[in-house]
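Coordinates in review
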Amino acid sequence: MMDRRDNPSAVVCVLCGEAFTLPDDEVDGNLPRVLLCGHIYCTSCLRSIQCDRVIRCPECEVESTLPEGGVYHLQEDSRIIGLIYTAKMNKMKSLQCDRSKNRRRNKLSSSDGNTENMEQPADPEKIERAVDEALAQAAENRAQLEHIHETLTTGLAEQVKRERARLEVEIKQAADKALHAIQKWRDVQLSQLTKLEAQFSTSQAEVCRVQERMKALEIAMQMAREVRRVPFLGQYCTLDKVLETLKAPVVNQSFNMKCITTGSGMRCVFQSEGYNQSLALSLKVEVSNPKHLSEFPPKGYQPGSSNRKSPWQHAEGSNSNCIPPSRNRLPTPQKQDKGSAGASSPLSRGSSPSPKPRRRSNHSCHSSGSDIGTPDVIIEELLDERQEHALPPTGPELANDKWRIQRIRRNQFSGNKRNVTQWVVVTHVVNPSHFYVRYVAEKRESESLSKKINHFCCRDSCHFTSSDTVETGAMIFVKWKEGLWCRASVVEVLQNGCVEAVKACKVTQLASIRVFFLDYGLTKSIIIQSEEGTTESSLKAVNNHLRKVCEAANVELGHFAPQAIRCSLKDLVPYDLTKGWSKEAQVEFCSVVGSAAVEMRPLGQDRDSLLVDLRKAPMDQSSDVPISVREFLVFIEVARFYSPVTLGRRPLLYYPPVHPKINTELNAVVSHINNPADFYIQLTDNMESLLLSAKLQDFYSATTVAGQDDLNIYCPVIGQACVARYDDKLWYRAQVIGHPGGRKVEVRYVDFGNKKILLVGDLRKIKDEFFALSSMAIHSCLSDVIPLDGETWSDACTNRFISLAHQKLVTIVATAPPGRVPKTEPLPVKLFQSGPNGPLANIAELLVEEELACFKEGPKSKHASNDSAVWDPPLELSSAAEGVDTSEKKTFGEQDEEPLELQPQLKLPVQLKDLKVRVSHVNSPSSFYVQLTQCDSQLKRICELVKQECVLTEPQDVVWKADMHCAAHINGVWERGRICSDVTSGNVAEVIRCDHGNTVKLHVGDLRPLPSSLIGSLALECTLTDIRPAGGRSTWTATACDLISYYLTGASAVMTIKELTEERPVPITLFCSNKMGQFVSIADFLASEGLALRERKPRDAVIQKPKEIDEQSPGSETHTHSSDAEKNHPAPSLIPFPSQSPLVSTLIPPKPARRTIMSAEKVKTQLYQPPELPCLGHIQISVSAIGEDGLIYARTQNAACQLEQLRERIQQSMKTLPRQKPYTWKSVLGCAVIGPDMLWYRGQLLEVLGGHVQVQYVDYGLVENIPVVHVYPMLLCDDVPQLCMPCQVQGINPVGGRWQRDAVALLREVLLSRCVDMQVMELPTDPRQPLTVELFLDGLSLSRILCHHEHASMDRTVSAQEVFGQAVMAPVPFLDDWDIDTEGLRGPEEPMLGPFIYPNLPEEGEQFQVRVKHLWTPNELFLWPLEGTADVEVDGERLEEALTRVNANISSLPRLTNFPHGGPCLAEYSDGKFYRAKLMKFASVEPVTFLVQHVDFGSDDTLPVSKLRQLPAELLRFPSQSLKVRVSGFRAPSVSGQEDVLPYSPGWSVRAAMDMIELLHGSITASVVAREPELTVLLYGEYGELVHLPLVSSGLAELE
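The present account deals with the structure reproduced in this document. Here the structure is a predicted model, which is why all the values come from computation and not from measurement.

1. Side note on the overall build of the protein
Check the secondary structure of the protein and you find 32 helices and 78 strands. Looking at the 1600 residues of the protein, the share that counts as buried comes to 38%. Put simply, 64% of the contacts in the protein that link residues at least 6 apart link residues at least 24 apart. Accessible surface, the protein: about 94,400 Å² in total, of which carbon and sulfur atoms supply 52%.

2. Some points on the pattern of salt bridges
Summed over the entire model, instances satisfying the criterion amount to 34 salt bridges. Measuring nitrogen to oxygen at the nearest pair gives 3.1 Å for the salt bridge that ties D468 to K548. Note that D468 is positioned in the loop between helix 11 (443–457) and strand 9 (469–471) and K548 in strand 15 (residues 546–548), a separation of 80 residues in sequence. Assessed through its relative accessible area of 16%, D468 is described here as buried. Two residues, R514 and E492, come together in a salt bridge whose shortest N-O distance is 3.8 Å. On the criterion of sequence distance, the pair formed by R514 in strand 13 (residues 510–517) and E492 in strand 11 (residues 484–495) is long-range, its members being 22 residues apart. The partly exposed category is assigned to E492, whose relative accessible area is 29%. Among the charged side chains, a network of salt bridges with common partners joins D613, R615 and R630.

3. Some points on a nonpolar patch on the surface
A contiguous nonpolar patch, built from L190, L193, L196 and M266 and spanning about 330 Å² of accessible area, is present on the exposed surface. By the element assignment, M266 lies in strand 5 (residues 266–273).

4. Here we look at the sheet that holds strand 13
Across the sheet, which stays open at both edges, the five strands sit in the order 14-13-11-10-15 with antiparallel pairing between neighbours. Whereas interior strands pair on both sides, the edge strands pair on one side only; in this sheet they are strand 14 (523–527) and strand 15. Between one strand and the next, the sheet's axes are offset by a mean angle of 40°, whatever the strand orientation. In the sheet, strand 13 pairs with strand 14 via five bridges, with the strands oriented antiparallel. Each bridged residue has a counterpart across the sheet, and for V515 the counterpart in strand 14 is K524. Relative to the sheet, helix 12 (residues 535–545) contacts strand 10 (475–481), strand 11, strand 14 and strand 15, its axis offset from that of strand 15 by approximately 90°.

5. What to know about the sheet that holds strand 67 (residues 1464–1468)
Taken in spatial order, the five strands make up an open sheet running 70-69-68-67-71, and their pairing is antiparallel. Either end of the sheet is taken by a strand with one partner, and the two such strands are strand 70 (1500–1504) and strand 71 (1508–1509). Two elements, strand 69 (residues 1489–1494) and strand 70, share five bridges in a ladder whose sense is antiparallel. Looking at the pairing, Q1493 lines up with D1500 of strand 70. Taken strand by strand, helix 30 (residues 1439–1448) contacts strand 67 and strand 68 (1474–1484), and its axis lies near 70° from that of strand 68.

6. Points about the pairing of strand 42 (residues 1019–1024)
Burial analysis of strand 42 places six of its six residues in the buried class, which makes it a mostly covered element. Judged by which residues are buried, strand 42 turns out to be covered on both faces: A1019, E1021 and T1023 on one side and L1020, C1022 and L1024 on the other are all buried. With four bridges connecting them, strand 36 (residues 927–932) and strand 42 associate as antiparallel partners. Bridge pairing in strand 42 places V930 opposite L1020.

7. Structural notes on the side chain of S1528
With respect to the helices and strands, the residue S1528 is situated in the loop between strand 72 (1523–1527) and strand 73 (1530–1531). Overall, the relative accessible area of 15% leaves S1528 in the buried class.

8. What to know about the packing of helix 5 (residues 201–229) against helix 6 (residues 239–247)
Here helix 5 crosses helix 6 at 125°, and the two axes come no closer than 9 Å. Here helix 5 lies oblique to helix 6, going by the angle between them. By crossing handedness, the relation of helix 5 to helix 6 is classed as left-handed. Together, A216, L217, A220, M221, M223, A224 and V227 of helix 5 and L239, V242, T245 and L246 of helix 6 make up the contact between the two elements.

9. Section: the pairing of strand 40 (residues 999–1003)
Residues V1000 and L1002 line the buried face of strand 40, whereas the alternating positions T999, K1001 and H1003 sit on a face that is not buried. Taken together, the five bridges between strand 39 (residues 988–993) and strand 40 define a ladder with antiparallel strand orientation. Across the sheet, the residue bridging to V988 is H1003, located in strand 40. In textbook terms, the turn of a hairpin is the stretch between consecutive antiparallel strands, and for strand 39 and strand 40 this stretch comprises five residues, one of which, G997, has a positive phi near 100°.

10. A short note on the packing of aromatic side chains
Tallying each qualifying case throughout the model produces 25 aromatic pairs. Taking the centre distance of 5.1 Å and the plane angle of 90° together, the rings of W480 and F517 count as edge-to-face. Residue W480 is located in strand 10, and its partner F517 is located in strand 13; the two are separated by 37 residues in the primary sequence. For W480, a relative accessible area of 30% puts it in the partly exposed group. Judged by its relative accessible area of 0%, F517 is buried.

11. Quick look at unusual backbone geometry
Looking along the chain, the bond that leaves R1064 and enters P1065 is cis, with omega of 5°. Even without glycine at this site, M1238 takes up a positive phi of about 65°. By secondary structure assignment, the location of M1238 is in the loop between strand 52 (1230–1234) and strand 53 (1240–1249). By relative accessible area, which is 61% here, M1238 ends up exposed. Backbone geometry at E1350 places phi at a positive 60°, although glycine is not the residue there. On the secondary structure map, E1350 appears in the loop between helix 28 (1342–1348) and strand 62 (1352–1354). Since its relative accessible area comes to 54%, E1350 is described here as exposed.

12. Considerations on helix 21 (residues 1038–1048)
Along helix 21, the residues classified as buried are A1040, C1041, I1044 and L1048. The buried residues of helix 21 occupy an angular sector of 100° when the element is viewed end-on, so they sit on one face. Across helix 21 from its buried face, at more than 90 degrees, point the exposed residues A1038, T1039, D1042 and Y1046. Phi turns positive, to about 80°, at G1050, one or two residues after helix 21.

Rules of the game
- Residues numbered from 1 in each chain as written.
- Predicted model: local features only at pLDDT ≥ 70, side-chain atom pairs only at ≥ 80, totals over all residues.
- Heavy atoms only, no water.
- Helix = DSSP H or I, 4+ residues; strand = E, 2+ residues; numbered from the N terminus.
- Buried < 20%, exposed > 50% of the residue type's maximum accessible area, 1.4 Å probe, protein only.
- Contact = heavy atoms within 4.5 Å.
- Areas by Shrake-Rupley, 256 points an atom, 1.4 Å probe, with all protein chains shown as cover.
- Salt bridge = Lys/Arg side-chain N within 4 Å of Asp/Glu carboxyl O.
- Patch = residues over 30% accessible without salt bridge, like charges linked within 9 Å, V, L, I, M, F, W, Y side chains within 5 Å.
- Pairing = 2+ DSSP bridges.
- Axes fitted to C-alpha atoms, helices over the stretch in contact; angles between N-to-C directions.
- Parallel < 35°, antiparallel > 145°, perpendicular 65-115°, else oblique.
- Left-handed = near helix turned anticlockwise from the far one by under 90°.
- Phe/Tyr/Trp six-rings, centres within 6.5 Å; stacked < 30°, edge-to-face > 60°.
- Arc of directions from axis to C-beta.

Here you go:
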């Protein structure tokens, strides 16, 4: 930085290093300017980093939006400018002083040299001449000054007037900017407080000095101990220097302890000066010399003494309960002096001692154990004595109890131990993260405890009797070995004859028991074996192993805490996280700790485990450094270090996947494959997975867009459940399984099985509700196959397996029961390729046949393979099926036989029962089409033959008539079709698909003649029998058709033909499988939904049917309808089902008993009392509902209060559900309704709709269709009138005569659940009729809002005074009576301009020359007539000249301030010039943009307000030079094969628009066809032909 004395602009920019400069007369200055974030940079830098009127701060990256003037209109930093100006003035003053000194020096020198000349008398003539010349010059100067004065006076008046107007605007803007800047300044300064620690450099330096001194002292102490142990080591070190370091006293004056009493020197200062002509506000953070916060030293500090008392000072200065340590122990340096007492020990907060890690300085893992100071121990002892008489806890879960740790620490202090490390013995090891230890110091206590237990066990009172019971959680005595008893806690109890564990059991019925030894940490199972089986023998067997704890033993042993402490090696995880702790890790851990005592250092606590490190004494005597067990396990690579996040509670885990039952066929999808022995499947019978996926996307996509950070995961833990984003940007449930490093994490998607390494930013916390569904990916393996080499799967085999099964629907059969497979092992399954007829081929056998794998028990024969392919053959197959064609008896394993003979026409089998079909198309329950799955091979062959016949042929000129057979190209496949009606024009034919049943529209170019040998159909039209439409209708409702189409289209089903005739549709019964795998009758399903009714049959026919069937042959059984016959003589099904029992139970119901028809009960109810109407005038109401007819249902404030009381009264009165009976609803008006929230509401019956009724909630206004089972013909609280009243808005008519959906949606958006002002205009004669009202939202009339959005229009029949007069005025809010002078605040009002002028066109049928200005679609465009309108002049000026003149002075035109729809304006085009336009609509609100249409060209543009100007009135006199017309004679094609379409008009393709543009070049004439409802013309080319004909011939359009 330059010296400020040499350069007045020495303050430099932190970004470029250039100095700030003030502007001179001819040079622009480089001024400092302030961004919104508060940072300051020079003008040059800001100009270089601006982008799209936005500057991102280089330091804090906060974006600042530039004002309209750009960088030069940013606020300048007055403080820096003042410094530069002051420096400049000081320099000028110094220069003036130097010049005055030089002049004085020269004057003195000249006076000394000319002393002699001054003594001579002056010449009078010379004096006269000099005075005359001076007076003449003075006269000229005076004249010039008078001229300058006059000019300045006149200019000053103009300047004041001009600047006053400018400053009024700038003052307002400056005030707004000041408020914004203050807010920004506050936020920035508060964020800077996070860096406050850097201000205390002195304190940090002192802390570092103390740490260095402590470190040097520790090194010296360690060296001294080594020299003391091995004296000859003294020759390898400078012993004198070590001793000097050890003896060097701690001089308190050498440490600046007062540094922590000083402040930061920073303070926030607010200054304000003047309130008349100027207001100078100053908010700044000043940095001054740090001052002491108080004159007292820090707590506990005394000059001339140590900050922490020595043990002797503690003994003298505190109460006498503190036991002084031994006198010959030297005080050791404390490592925690720099921390406060509260930070160094959790006990200082008054809590009970716990094994939590203490704060410590960074030092080596091999440092000495003397880390904890004596004062901490004294504090612990004082706290222990407060709880000395508290009873210790009991129970196995409190093996790591805090009471014992308190007692251990007190004993350690009283025993003069120097540190908190203890010697322990490891008693039991599960893994390095789960083991138990016992303190060596408690050996005597343990021996005393053992003696007491053995003493109690010898008493008779501790023997079990036949009346005693053993329950889980109880404490008992267990024989450890002969003559040694130990106490234990019961973990699990097994009773004789029970497989599952029980909570309590009689001792005489005890089979085995599992106990946990409180003093060893070991869990052991004890089997009670009784030789004779009698009560006495059972009791004797129990007492041989167990003893009960009597009351006396329980009281006396209750003071002994559990001896076994559960521990875990801190920060240690398995070496392979996916496999967990290995057996090798357990063995190595046991071998290194052995049975000898080891040193344990507590490092923290994790729930019920102490986090510790064990240190074992060195094996050889040459080293005194103990061996860390943690480091040893990491060194031998059975574990590794990791620091997981300590969660506040145990994290939730996913439920394990539900394994399928053994030998049960299920449909599944293979979601992920590693190899044939490691893949994952998803069962397809769970539809909740689709709902879960949708909920996941909705919730987590919304939080991502909203920018919420409360679900982010920053430190994922192994095993943690989460939600992870995949490559498709969707969210899925996952689980963390690894940490590869680099802020990445490895997860496994629990619903798919695949693994992926992601960034931590792609993880989110999972909500508890997403745990409800268990994991859907089932880990599986192919059963009965192994790799060819017996060890590893080849890539060829894995790739082949992927091609066969990955992401495909398969049929699986589990070969092992769910409970027998370990959780870590895959489930062995058989996979079968799924086909329309069921399972096709065993994938394992395919791999074996292709020599990619082999069977575990050797290769199987083909015969065996085919036998295994038959699943669950029905046992009822008998001679009744022998006459059936053998081709229908084939199993899906026999795929290599000769193909069947071609059958173009469907031939039904002899057996018409239980046919497996696939529903291809559904019109209604009385007309739908099915395909027999056994004909799939025929359908495939027919499609191939049709393709061979037609794929190479060209379109032929065929006149297509109705019922002609054809070959149709549909979705890239050639199929058989039949023409539905004659093709007359448009080249579009309606074709029915012969093999599917649905109808499609195709271009005639996609049709070919069909050979006669291929004519036929494989789709069978069917109808459901035994049902009819509900509600007495003759046709099916749209609801019934939609429901059956939704469930049946594409579904596999089982069909039984009731009667085979030549008529179509064929009457059948149809069964489909539900989610539980049971077959459900579709007819029963429609009847249960209330969409169909059962057909009634004569009783005599039902009774006589069994007699007829007894005489029939088995082959004719399928033509009967008797359920008894089907039950007594079941016909064998040729198609095996996974489970026959659900189907048989549905198809063959039991014989019905005599039933009685319950007649409907006639009930009549009245309406609820009408609502209480308010008086005329203004009231406050809350809107509860908006009807589809536009009625507004509202409640007064009094009614809202009554509603709460009414709800409580209704719920208290309706405790149980009334008995449901059939009612006649014709006379029911008022009713009681059970709402979706299972609460009772009052309702009014509007209409009966089959199994549903239409009900209106009288207290809310809502209308719903509700099943009849939720409606009861009774009145609730009929003494209370309706609390909701209907209202209608006065003076407006809806567009089209009724309220449209958009209008109703707008009303619901602005009114629902909102309190608004309402003025009651007219009360109805009938209190149930709607009120005529006017609503106001924040002072705005609802009528005007609806009219503004073009949903309604004002009713002209209503007088203007009634609508807009004093009768309809918003309530005037109360305002303070302020005397506000508004003079000069309102600007000039913008003049209201009329619409543009359009020219008159020639008469209809007359042709005229036109020029196309703009094309919207091929049949909608903008044109301009050339005859008589080309050169229109107004006041001798053409439109082009007027626009040129206006653009030359565009800066003088004001901006647009009023934005009416269709309002004229000037809009800037992309060439920078302004053209005439009109406003169409608001395009966006943030930023504010408008859609405008250039009236002289027809094009649209979206522009901000800055590019709009007020239109001069004289430009409206020119007619508009573009007219929007519709071209008649053609329209968009109904079937388009083009992929690229116009986004704003999808019916037209881009190619059609481009071709139309080409056709419109050249000489175009037009003739008017119609003027209403829109201007319609015909366009002709240069030779008089219609322009659109080439589009029609090319198929891009069709004739109207």
